[in-house]
Amino acid sequence: MRIAAAFEKAKAEGRAALGIFITAGDPDLDTSRQILMGLPEQGVDFVELGMPFSDPMADGPSIQAASLRALKAGVKLADVLALATEFRAAHPDVPLILMGYYNPIYIYGVDRFLNEAKAAGVDGLIMVDLPPEEDQELCLPARDAGLDFIRLITPTTDDNRMPVVLANSSGFVYYVSITGITGTRSASADSIKAAMERIRNASDLPAVVGFGIKTADQVREAATHADGVVVGSAVVDELANSLDEKGAATSATVSKTLALAKELASGRQRDV
Amino acid sequence: MNDQTAMNSYRNQPDEDGRFGIHGGRFVAETLMPLILNVEKAWKDSLTDQDFIDELNYYRKHYIGRPSAMYFAERLTAHFGGAKLYMKRDELNHTGAHKINNVLGQALLAKRMGKTKIIAETGAGQHGVASATACALFDMECEVFMGAEDVERQKPNVDRMRLLGAKVHPVTSGTGTLKDAMNEALRYWVSNAETHFYIIGTAAGPHPYPAMVRDFQSIIGIEAREQIIEAEGKLPDAIVACIGGGSNALGLFHPFLDDESVDIYGVEAAGKGIETGDHAASLTGGVPGVLHGNRTYLLQDADGQIKDAYSISAGLDYPGIGPEHAWLHETGRVNYVSATDEDALEYFRLCSRLEGIIPALEPSHALAFIGSMIGDMDKDQVVLMNMCGRGDKDLGAVLPMLEERGQL
């Protein structure tokens, strides 16, 4: 419900919804908590919280490094769920989506994870390495538990495959705007526009674009065509640039990261 | 060939979703799914395409040099004083290991699909060299991903790849070994999905790779089964192969799986010893999880984070294992055992001195296990091992250690 409401609200205000990705526990739990808690005030409409994994095969160098910083800080899946609980207590209406890879959940136990995520106030899941061919693993159990399973559509997803990918997805549709890993190249406005049309022809869910969007201008451009826009690597980079030589947080880490989120939120308004 | 019905056979895996029991599957990003489905279709079509089969057989015979020899290791047999030891000589293949069996098959498949750009990951460098070789032969571009640490310890193979025209990408992410090379190769494939074909080097990864690689490698066991029957008039009592990802082992094992009288042993790398934690024995020391496109046994911590594998052998230094091995382990059809660095080193030298065959460190693990059991077998029994690679590439690592021990 929170996801639908957030997109309705943005739509009513004539703008796109902005989602920000950060990795839980990067560079440490306390700093990460401060950033997470502060995001909604900057104009962020929904949050994607990355669950650190040792082998993030769809992520570029920025988010790989973020994952490793969090793991080095000793962050566990249980800590991510605890962060989610705190976020929900502070922000009852802001959608929270957990994003990551399947193995840590598989090892934690699917039912245990889903029960605890639901109880923590998580709204949806994005699992990079679970295509529809593996829906019985987590997608169907997640839906039974009342969590949205948000699916990635990519430039390689053709019209024949689109219905397969959308079949059990809910919440919103996440369009990966490039054939590539996170935080590398950027897609053209034309290709985003064409993809959004394809998705809208196939689904009534809000269409969100991500991967390769780094600046407020790019947010503004994507917002012209999409219902929502996600920025990840650029935020993680801003955080990383504020760290000291040992990779530890400095007094500027929280403020600089949140300042970028605020700047990105200024792009939510559509070009007219 | 076998009298067991399909229902009871160990040879009819995986199911149509690529599952070997609970293992295998297709755990990949959506960007790769359409490609993997295309590879599966092209591979299945190729199975009944006589032109493809003829072309593959042509290159197997005239380029790889198949069938590889079956050799009775007389001096090692005498040394052990037990069962007769035979070696399937896949180290005599062009490029010096079994890897080329799979690479030629996949390269021909890529060619059939109209792809001219190849991606490969490599640990010891044997799969990288085989891929670079096939790309030279078929006029394809070749991008090889290799852990930065492995680039250092396997320099002769890096030089060979460069000479053959491949581009070698040293991978510094993670720990800079085979696992990270595979992550990086997958990332590169995601980024170049429309143009490139990924030749995975072992019987792991998303479906159809585990089954496809096994089938291309099964030529080892198909030949060996005929050759040993010709030599001994009977099936062997035991067959043995080393296991990293497990493609040479599956290649040998698969045609024998329904021969109930044949004991089968897969030898994992115990590194400094299983109890030290520094090893690469995924079945002995791991639990099921999901990595690199498949569910299988993985070395990992209690929170599902993948641990680094360790072995003296760069080709076995991987924290997972092919999903069919995971299934064969759970069914009990194959016995999985392990051998340490020290054991492998000892048999590396022994085989060189007694047989005039310098084995790679990988099959030296298989020899080490054989050394621990063959002496207790009867003299009329037969053990067959896969000599899956030659040891030239390992001299840089091995010679200083032997020198230190005064064994040169």
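Note: the structure precedes this text.
Report on the accompanying structure. All figures in this text were calculated on a predicted structure; none of them were measured in a lab.

So, how was this worked out
Residues numbered from 1 in each chain as written. Chains lettered and ligands numbered in written order. Predicted model: local features only at pLDDT ≥ 70, side-chain atom pairs only at ≥ 80, totals over all residues. Heavy atoms only, no water. Axes fitted to C-alpha atoms, helices over the stretch in contact; angles between N-to-C directions. Helix = DSSP H or I, 4+ residues; strand = E, 2+ residues; numbered from the N terminus. Parallel < 35°, antiparallel > 145°, perpendicular 65-115°, else oblique. Left-handed = near helix turned anticlockwise from the far one by under 90°. Contact = heavy atoms within 4.5 Å. Nonpolar A, V, L, I, M, F, W, Y, C, P; charged D, E, K, R; others polar. Buried area = accessible area lost by both parts, 1.4 Å probe. Salt bridge = Lys/Arg side-chain N within 4 Å of Asp/Glu carboxyl O. Polar contact = N/O pair within 3.5 Å; in protein donor to acceptor, adjacent residues only side chain to side chain. Pairing = 2+ DSSP bridges. Buried < 20%, exposed > 50% of the residue type's maximum accessible area, 1.4 Å probe, protein only. Right-handed = clockwise from strand over helix to strand, strands pointing away.

**Things to note about the packing of helix α3 (residues 61-72) of chain A against helix α11 (residues 233-241) of chain A**
Each packed pair of helices is defined by two parameters, the angle between the axes and the distance between the axes.
Residues and elements named next belong to chain A.
Then, in step 1: Orientation of α3 relative to α11, taken along the N-to-C sense of each, is 55 degrees, at an axis distance of 9 Å. Classed by the angle they form, the pair α3 and α11 counts as oblique. Note that α3 runs across α11; the crossing there is left-handed. Side by side, α3 and α11 meet where Ser62, Ile63, Ala66 and Arg69 of the first sit next to Ser233, Val236, Asp237, Leu239 and Ala240 of the second.
Then, in step 2: The residue inventory of the contact of α3 with α11, partitioned by class, reads five nonpolar, two polar and two charged.

**Considering the interface of chain A and chain B**
Then, in step 1: Counting residues at the interface gives 37 residues for chain A, matched by 37 residues for chain B.
Then, in step 2: Taken over both partners, the interface formed by chain A and chain B buries close to 2,900 Å², and the fraction arising from carbon and sulfur atoms is 51%.
Then, in step 3: When the buried area of chain A at its contact with chain B is split by residue, Asp55(A), Met57(A) and Thr156(A) rank highest and sum to 22% of it.
Then, in step 4: Applying the counting criterion to the chain A and chain B interface returns five salt bridges.
Then, in step 5: The partner of Glu30(B) in a salt bridge is Arg161(A), and the shortest N-O contact between them spans 2.8 Å.
Then, in step 6: Listed by contribution, the elements that provide at least two residues to the side of chain A that touches chain B are α3 and α5 (102-108) of chain A.
Then, in step 7: When residues in the side of chain A that touches chain B are grouped by element, the largest group, five residues, is from α5(A).
Then, in step 8: When its residues are assigned to classes, the side of chain A that touches chain B shows 19 nonpolar, nine polar and nine charged.

**Topic: the side chain of Glu40(B)**
Residues and elements named next belong to chain B.
Then, in step 1: Along the chain, the position of glutamate 40 falls in helix α1 (residues 33-47).
Then, in step 2: Among the polar contacts made by the side chain of glutamate 40, one reaches the side chain of arginine 26 at a distance of 3.2 Å.
Then, in step 3: Glutamate 40 has contacts with Glu16, Arg26, His207 and Pro208, leaving out every residue within four places of it along the chain.

**A few points about the sheet that holds strand β9 (residues 238-243) of chain B**
Residues and elements named next belong to chain B.
Then, in step 1: On the basis of which strands lie adjacent, the open sheet formed by six strands has the order β3-β4-β14-β9-β10-β13 and mixed pairing. Every other strand in the sheet has two partners, leaving β3 (70-72) and β13 (335-340) as the edge strands with one partner each. Strand-to-strand twist of the sheet, defined as the mean angle between neighbouring strand axes without regard to direction, takes the value 30 degrees.
Then, in step 2: For β3 and strand β4 (residues 84-88), the ladder comprises three bridges, and the chain directions are antiparallel. Within β4, the residue paired with tyrosine 71 across the bridge is methionine 87.
Then, in step 3: Contacting β3, β4, β10 (263-271) and β13, helix α14 (residues 341-355) runs over the sheet at an angle of about 85 degrees to β13.

**Some words on the pairing of strand β5 (residues 117-122) of chain B**
Residue and element names in this part refer to chain B.
Then, in step 1: Across the six residues that make up β5, a large majority, five, are buried.
Then, in step 2: Direction of pairing for β5 relative to strand β6 (residues 141-147): parallel, over a ladder of six bridges. The residue of β6 that forms the bridge with glutamate 121 is phenylalanine 145.
Then, in step 3: Read from β5 through helix α5 (residues 126-138) to β6, the crossover connection turns out right-handed.
Then, in step 4: Examined bridge by bridge, β5 and strand β8 (residues 196-198) share three bridges and lie parallel to one another.

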